[in-house]
Amino acid sequence: MLKGIRFIITGIAFGIIMSKSEAVSWYRIQEMFHFRSFHMYGLIGSAVLLGIATVWLLKRYSIKDRHGIPITFTDKTRGWKRYLLGGSIFGLGWALTGACPGPIFVLLGQGFPVMLLVIAGALSGTYIYGELKDRLPH
Amino acid sequence: MTMLRYLSQPWPWYIAGPAITAVMLALLYSGKTFGFSSNLRTICSIAGAGKKVPFFQFDYKKQYWNLLFLLGAIIGGFISQQWLTPPGQLQLSAGAIRDLQALGIPFDGQLLPEQLFGTQALLSVRGWIMLAGGGFLVGFGSRYAGGCTSGHAITGLSMLQWPSLIAVTGFFIGGLIMTYLFFPLIF
């Protein structure tokens, strides 16, 4: 349990960052899809640019994790159908609820009980995907 | 006190963006990968979905760390709401306020529109479409695409993965279709 605390703390940091950047705001997501502000693009863009630089450095210098194991990066499975179709379905839901999976839970913590219904929906969606998986193009 | 007041201000993207990268790096340093939607699969497995559907038969104990991360995210939301909420309204751009006004959603200055996320939303068909339906699309789509904003947009793009770029393109295709085609029908 004690070693699990680090993940709780990282999660708390994530929840605060999502809240304070207002990435959890339905209004901000609408603003993003209407191209009315740079905020969300700057947020994701700067995270990715810094991410690209640091991941490159981690690889370049074979940095090890805290257990002394070199940090490795597994490539995503090749293909495009599942990414394009699944991604688009995800996007429909992202715009509608104004929240991706992380923020859904952050908002529950912020005291929005209706998020329980979003979570129930998300779990059903995940379950139905599992059920239909073999019949969908990947 | 001044520190708390300082942190309570909305964070600009150039602070919050790099902070998200730091979360990804902290998890990498712990030997884990940042990907939030995997938790939905884990919760299904714990609830016994594996008895019926093979997709949910996996060693979910290895994902417990991610559930702790999820728990932390909930606590982080609580802390922000309790102690880090700035006085005053959300600073939404005038353009977005006009766009939403045109859909019949007046901007109320809150983080989320009260008319859509208050408990009274549960009494309307539109509320169920938005909350349960939207949640369903998020859950189905993220698993189909093999990741969500954290797994693809942040982690995947940082690793320069083509599949993630396709997925993120999909996120925007879906988001724009919802915004421009379906919103006028729903609202």
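Analysis parameters
Residues numbered from 1 in each chain as written. Chains lettered and ligands numbered in written order. Predicted model: local features only at pLDDT ≥ 70, side-chain atom pairs only at ≥ 80, totals over all residues. Heavy atoms only, no water. Salt bridge = Lys/Arg side-chain N within 4 Å of Asp/Glu carboxyl O. Helix = DSSP H or I, 4+ residues; strand = E, 2+ residues; numbered from the N terminus. Buried < 20%, exposed > 50% of the residue type's maximum accessible area, 1.4 Å probe, protein only. Contact = heavy atoms within 4.5 Å. Buried area = accessible area lost by both parts, 1.4 Å probe. Polar contact = N/O pair within 3.5 Å; in protein donor to acceptor, adjacent residues only side chain to side chain. Nonpolar A, V, L, I, M, F, W, Y, C, P; charged D, E, K, R; others polar.

**Considering the pattern of salt bridges**
- Within the structure shown, the criterion is met by four salt bridges over all chains.
- The closest approach of N and O atoms between A:Glu31 and A:Arg28, which form a salt bridge, is 2.9 Å. Within this pair, A:Glu31 and its partner A:Arg28 are both found in helix α2 (residues 26–33), separated by three residues, close to a single helical turn.
- Look at A:Glu31 and you get buried, because its relative accessible area is 2%.
- Of the charged contacts, one joins A:Arg36 and B:Asp99 as a salt bridge, the two residues approaching to 2.7 Å between their closest N and O atoms. Pair noted here: A:Arg36 is in the loop between α2 and α3 (39–60) and B:Asp99 is in helix α5 (residues 94–102), and the two residues belong to different chains.
- Beyond isolated ion pairs, a larger network of salt bridges with shared partners links A:Glu22, A:Arg28 and A:Glu31.

**Overview of the interface of chain A and chain B**
- Counting from both sides, the interface comprises 106 residues of chain A and, opposite them, 124 residues of chain B.
- Of the roughly 9900 Å² buried between chain A and chain B on both sides combined, carbon and sulfur atoms contribute 79%.
- Taken as a group, A:Lys20, A:Tyr27 and A:Leu96 account for 9% of the area that chain A buries against chain B, more than any other trio of residues on that side.
- Along the contact surface separating chain A from chain B lie 25 residue pairs in polar contact (both at pLDDT 80 or more).
- Per-element accounting of the side of chain A that touches chain B gives the leading share, 16 residues, to helix α4 (residues 81–97) of chain A.
- For the side of chain A that touches chain B, the per-class residue count stands at 58 nonpolar, 33 polar and 15 charged.

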